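What the coordinates show
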Amino acid sequence: EGKVITCKAAVAWEANKPLSIEEIEVEPPKKGEVRVKILYTGVCHTDSYTLSGQDPEGIFPCILGHEGGGVVESIGEGVETVKVGDHVIPLYIPECKECKFCKSNKTNLCSLIRITQGRGQMPDGTTRFKCKGKEIFHFMGTSTFSEYTVLPEISVCVVRKDAPLDKVCLLGCGITTGFGAAKFTAKVDEGSTVAIFGLGAVGLSVAQGAVDCGAKRIIGIDTNESKFESGKLFGCTEFINPLKDVPAGKNIQQHIVDITDGGVDYSFECIGNVNVMRSALECCHKGWGVSTIVGVAPAGTEISTRPFQLVTGRVWKGSAFGGVKSRSQLPLIVDKYMDKKLKVDEYVTFTYPLSEINEAFHVMHEGKSLRSVVHF
Ligand code: NAD
Ligand code: DAO
Ligand code: ZN
């Protein structure tokens, strides 16, 4: 406790270069902070997007990673809700329970530390990582591609110790996002028809959420047909490949409207493509269809549709981290997994040691993995 730790981390020195495994120094946690030994981390698109240099908020050098699981190694002054030895999931959306957002009961977007988090800093405006004498920035307030990381107390969720961290680390982003988008943002109702665009980990988790809500028909849409098998496993009842299965002269939304007697009750965009976002809205049923945007589109892009689509009762929504309040509600998602009511193990396509983390990025780009889990 109280000492600088030297450990391994995958450092992103600059955009568009592979991550580099380095010895880094991690400072002890300051007031209101905790230092966590990360045991496992998933690899997600946002890590790759920032690494690619397209993210205008990307700051280098940094330590990426936001889908982790670990054990609290030490705590800073005044920390009361987290103990040494606690198992935790780092949170890129914290929950302070005091800001206007946290108090609202209408959103999970806690904003207490949003500005410093966006700058790659801890809430006091400084950083805790150094490598070769250089300051290394944090990422999404989590930086899980490091054996040790420092997080604000409000940015960790304590989880039950019988939950395997090599699996529940994935609840730190993609799975919770999709499941929550169906269950909490859209609030899919029983007997409804659902369309899911994109069957990666996020879209497949929307399918699980829709099943949990009692949806009757769940249409999975993906241009990569190798995703249909897992689609079935996670609850999709039918599939469309937009490149092959749409009749000539029609677009995907017209086709879906045709086969669903006027459109779906709920749709979800889980790709991050603004054209698909339009299709997802327009395949919704007149009068009540709700479309939820979950995919993160490239910076600067815009969505469009004819306003008549909304005038006639379709609703456009969006969701971050599935609308889940991160410290108070994530443990309930963990319980769901432990009660075998939420699949998680099935997403782990590959596991890699930290030394092979770039391979995890590679298989993700090739569309071969739902999730890779990196261990330290
Ligand atoms: P993924 O790449 O594993 O899945 C995307 C799927 O979409 C792939 O299977 C791909 O084949 C398919 N696809 C691509 N273009 C298509 C098209 N035109 N039509 C149909 N299918 C197409 O990604 P993922 O990990 O599941 O994440 C999905 C999206 O969700 C990403 O944009 C990610 O950044 C975003 N995301 C958002 C949040 C949030 O809180 N809102 C959280 C996590 C991830
Ligand atoms: O509060 O302004 C804010 C932003 C909160 C972060 C929302 C992130 C949603 C997308 C995450 C992408 C996947 C990691
Ligand atoms: Zn808050």
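Throughout, residues of each chain are indexed from 1 in the direction in which the sequence is written. To label them, take the chains in the order written and letter them from A, then take the ligands in the order written and number them from 1. Under the rules for a predicted model, residues below a pLDDT of 70 receive no local features and side-chain atom pairs below 80 are neither given nor counted, while totals for whole chains, interfaces and linings still include all residues.

**Overview of the environment of Gly141**
Secondary structure elements follow DSSP: runs of H or I no shorter than four residues count as helices, runs of E no shorter than two count as strands, and numbering proceeds from the N terminus. On the secondary structure map, Gly141 appears in the loop between strand S7 (134-136) and strand S8 (148-152). Residue Gly141 is classed as buried on the basis of its 26 C-beta neighbours within 10 Å. Residues Gly141 and Pro123 lie 18 residues apart in sequence; the distance between their C-alpha atoms is 9.3 Å. Any pair of residues counts as being in contact when their C-beta atoms, constructed from backbone geometry, are within 7 Å of one another. Leave out the neighbours within four places in its chain, and Gly141 touches Tyr92, Pro94, Ile113, Gln117, Leu151, Pro152 and Ser155. As a rule, residues whose C-beta atom has 12 or fewer other C-beta atoms within 10 Å are exposed, those with 20 or more are buried, and those in between are partly exposed; C-beta atoms are placed from the backbone.

**Remarks on the UniProt feature "domain: Alcohol dehydrogenase-like N-terminal" (unreviewed entry) in the protein**
UniProt positions are given in the numbering used here, feature names are shortened, and annotations may be inferred rather than shown by experiment. Feature annotation in UniProt assigns "domain: Alcohol dehydrogenase-like N-terminal" (unreviewed entry) to the following positions: residues 31-156. Split by type, residues 31-156 is 13% helix and 28% strand. Its first and last C-alpha atoms lie 15 Å apart.

**Topic: the sheet that holds strand S6 (residues 129-131)**
With antiparallel pairing, four strands are arranged side by side in an open sheet as S1-S2-S6-S7. Each end of this open sheet is capped by a strand with a single partner; those strands are strand S1 (5-11) and S7. For this sheet the average axis-to-axis angle between neighbouring strands, irrespective of direction, equals 45°. Paired strands are those between which DSSP finds at least two bridges. Working convention: axes come from line fits to C-alpha atoms, limited for helices to the stretch in contact. Angles between N-to-C directions cover 0 to 180 degrees.

**Notes on the domain arrangement of the protein**
Many analyses report the size of an interface as the accessible area lost when the parts associate. Per the annotation, domain bounds derive from an automatic or database assignment of domains. What the domain assignment lists for the protein is domain 1 (5-172 + 344-375) and domain 2 (177-320). On a C-alpha basis, the centres of domain 1 and domain 2 stand 30 Å from each other. Counting from both sides, the interface comprises eleven residues of domain 1 and, opposite them, ten residues of domain 2. In this classification, the charged set is Asp, Glu, Lys and Arg, the nonpolar set is Ala, Val, Leu, Ile, Met, Phe, Trp, Tyr, Cys and Pro, and all remaining amino acids, among them Gly, are polar. The residue inventory of the side of domain 1 that touches domain 2, partitioned by class, reads five nonpolar, three polar and three charged.

**Side note on the packing of helix H5 (residues 174-186) against helix H6 (residues 201-212)**
When two helices pack together, you describe them by how their axes are tilted relative to each other and by the distance separating the axes. Here H5 crosses H6 at 40°, and the two axes come no closer than 7 Å. What the angle tells us is that H5 and H6 run oblique. Helix-helix and strand crossings are classified by hand; for H5 and H6 the assignment is right-handed. Contacts between H5 and H6 involve Gly174, Ile175, Thr177, Gly178, Phe179, Gly180, Ala181, Ala182 and Lys183 from the former and Ala201, Val202, Gly203, Leu204, Ser205, Val206, Gln208, Gly209, Ala210 and Asp212 from the latter. Partitioned by chemical class, the residues of the contact of H5 with H6 number nine nonpolar, eight polar and two charged. An angle below 35 degrees is treated as roughly parallel, one above 145 as roughly antiparallel, one from 65 to 115 as roughly perpendicular, and anything else as oblique. A clockwise turn of the near helix away from the far one marks a right-handed crossing, whereas an anticlockwise turn of less than a right angle marks a left-handed crossing.

**Some details on the UniProt feature "domain: Alcohol dehydrogenase-like C-terminal" (unreviewed entry) in the protein**
Those residues carrying the UniProt feature "domain: Alcohol dehydrogenase-like C-terminal" (unreviewed entry) are residues 201-327 in this numbering. Annotated as residues 201-327, this span is 33% helix and 16% strand, and its ends, taken at the C-alpha atoms, are 22 Å apart.

**Some remarks on helix H9 (residues 274-282)**
Where burial is concerned, most of H9 is hidden: seven out of the nine residues are buried. For H9, the set of buried residues is Val276, Met277, Arg278, Ser279, Ala280, Leu281 and Glu282. Of the surrounding secondary structure, the elements contacted by the buried residues of H9 are strand S10 (193-197), helix H8 (252-259), strand S13 (266-269), strand S14 (290-293), helix H10 (308-311) and strand S15 (315-318).

**Points about the site of ligand 1**
Not every one of the 31 residues close to ligand 1 is listed here, only the nearest: Gly198, Gly200, Val202, Asn224 and Gly272. Per element, the largest residue contribution to the shell around ligand 1 is three residues, and it comes from H6. Counted by class, the shell around ligand 1 contains 15 nonpolar, 14 polar and two charged residues. Taken domain by domain, the shell around ligand 1 gets at least three of its residues from each of domain 1 (5-172 + 344-375) and domain 2 (177-320). Whether a residue is near a molecule or strand depends on its C-beta atom, placed from the backbone, lying within 6 Å of it.

**Things to note about the nonpolar core**
In globular proteins that are soluble, nonpolar side chains generally tend to be buried together. Note on terminology: a nonpolar core is a set of buried residues of type Ala, Val, Leu, Ile, Met, Phe, Trp, Tyr or Cys, with members joined through C-beta atoms within 7 Å. Ranked by size, the top nonpolar core spans 103 residues in total, and within it Val168, Val194, Ala195 and Ile196 carry the most contacts. At seven residues, H6 tops the list of elements feeding residues into this core. Looking at which domains feed residues into this core, each of domain 1 (5-172 + 344-375) and domain 2 (177-320) gives three or more. Setting aside chain neighbours within four positions, we find Ile196 in contact with Gly203, Val206, Ala207, Ile218, Ile219, Gly220, Ile221, Phe268 and Cys270.

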